[in-house]
Amino acid sequence: MTLKLLYRAVKGEFEQALREKYQPLAEAGQETIQEIADQIKTAARQDIASAGFSKRWQNALRADVYPKGKVSLNAAALIYHKIPYADVFESGATISGKPLLWLPLKSTPKKVGRNRMTPDRFMQAIGPLQLVRRAGGKPLLFGKMSVSKNQAASGDHGNVTLAKLRKGAAKTGIIRAVPLFVGVDSVRLRDRFSINEIVDRAVDRIGEVFVQKLGNKDID
């Protein structure tokens, strides 16, 4: 005797059954990646803050989960920083000058307008700089600053301010030369972030989180 079994699926019935079985798995997968991505984003932003970086730097760390607008068992997260050179603070880097890097001294105003102070910006916004080479020492760039009679007499010129530098460049009042930038061959930026370690720790939890999420689903 031959027994022949024949299954004729109603149109779409088999596909629907697969979707019903797949849906809770996909939801658990998507929720897992979303939770892991959120944990990474929170911890990484805290790491950036603890390194002394501003809110702008903290908020530039992003964690995007794909696909958007639907669930997938193959969900993925993209962790990235919107500031292109942020990775130098993760691994450290040596930056070399061409031929020199000009670094502002501690007494130099930190910004001109909304921008970080550099020799080029100083010359554009305030006035000329003079190069002074020193025997046995690093070269310096000097600017002109206006000082009071008392400051000129005492030799204590007070704080270096943009207002006094602008007056000096305009040759208003008593003028004194003040060092603003020092030239160096290179600088070494040490690693200050631990984002890779944060990601690795979070990734190690994916299996655990997925099992938890799947346990909350109705699976026949």
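Calculation criteria
Residues numbered from 1 in each chain as written. Predicted model: local features only at pLDDT ≥ 70, side-chain atom pairs only at ≥ 80, totals over all residues. Heavy atoms only, no water. Patch = residues over 30% accessible without salt bridge, like charges linked within 9 Å, V, L, I, M, F, W, Y side chains within 5 Å. Areas by Shrake-Rupley, 256 points an atom, 1.4 Å probe, with all protein chains shown as cover. Salt bridge = Lys/Arg side-chain N within 4 Å of Asp/Glu carboxyl O. Lys, Arg positive; Asp, Glu negative; His and termini not counted. Charge placed at Lys NZ, Arg CZ, Asp CG, Glu CD. Helix = DSSP H or I, 4+ residues; strand = E, 2+ residues; numbered from the N terminus. Buried < 20%, exposed > 50% of the residue type's maximum accessible area, 1.4 Å probe, protein only. Polar contact = N/O pair within 3.5 Å; in protein donor to acceptor, adjacent residues only side chain to side chain. Phe/Tyr/Trp six-rings, centres within 6.5 Å; stacked < 30°, edge-to-face > 60°. pLDDT = per-residue confidence, 0-100. Contact = heavy atoms within 4.5 Å. Pairing = 2+ DSSP bridges. Axes fitted to C-alpha atoms, helices over the stretch in contact; angles between N-to-C directions.

A. Spotlight on a negative patch on the surface. On the surface, a cluster of negative charge is made up of Asp191, Glu197, Asp200 and Asp204. Structurally, Asp191 can be placed in the loop between strand 8 (174-189) and helix 7 (195-203).

B. Representation of the pattern of salt bridges. In total, this model carries four salt bridges according to the counting rule given. Among the ionic pairs, Glu27 bridges to Lys217, the shortest N-O distance being 3.5 Å. Placement of Glu27 in helix 1 (residues 13-50) and of Lys217 in the segment after helix 8 (206-215) is noted, with a sequence separation of 190 residues between them. A relative accessible area of 26% means that Glu27 is categorised as partly exposed.

C. Representation of the side chain of Glu90 in the model. Within the element layout of this structure, Glu90 appears in helix 3 (residues 88-91). Buried within the structure, Glu90 lacks any salt-bridge partner; Arg201 is the closest side chain of opposite charge, at an N-O distance of 9.7 Å. Within polar-contact distance, the side chain of Glu90 engages the backbone nitrogen of Ile195 at 3.0 Å. Among the polar contacts listed, one links the side chain of Glu90 to the backbone nitrogen of Asn196, at a separation of 3.1 Å.

D. Highlighting the packing of aromatic side chains. Counted by the stated rule, this structure contains seven aromatic pairs. Their ring planes at 70° and their centres at 5.1 Å tell us that Phe53 and Phe89 sit as a pair that is edge-to-face. Pair noted here: Phe53 is in the loop between helix 1 and helix 2 (55-59) and Phe89 is in helix 3, with a separation of 36 residues, a long-range link. With respect to burial, Phe53 and Phe89 carry one shared label: buried. With a centroid separation of 5.6 Å and 85° between ring planes, the pair formed by Trp57 and Phe89 is classed as edge-to-face.

E. The arrangement of unusual backbone geometry in detail. Tyr66 connects to Pro67 through a cis peptide bond whose omega is 0°. Here Pro67 lies in the loop between strand 1 (61-66) and strand 2 (76-81). A positive phi is found at Lys171, a non-glycine position, where the angle reads about 60°. Inspection of the secondary structure puts Lys171 in the loop between helix 6 (162-169) and strand 8.

F. Fine view of the confidence of the model for the protein chain. For the protein chain, mean pLDDT is 89; residues scoring 70 or higher make up 90% of the total. Below a pLDDT of 50 lies the segment residues 1-11, which in the model reaches one contact outside its immediate sequence neighbourhood of four places, other chains included.

G. Highlighting the sheet that holds strand 3 (residues 93-104). Reading across the sheet, the four strands line up as 3-8-7-6 and stay open at both edges, with antiparallel pairing between neighbours. Single-partner strands in this sheet number two, and they are strand 3 and strand 6 (130-132). On average, adjacent strands in this sheet sit at an angle of 30° to one another, irrespective of strand direction. Inspection of the sheet shows strand 3 paired to strand 8 by eight bridges, in the antiparallel sense. Residue Leu103 lies in a different strand from strand 8, and its bridge partner there is Val182. With respect to the sheet, helix 6 is in contact with strand 7 (140-147) and strand 8, its orientation differing from that of strand 7 by roughly 90°.

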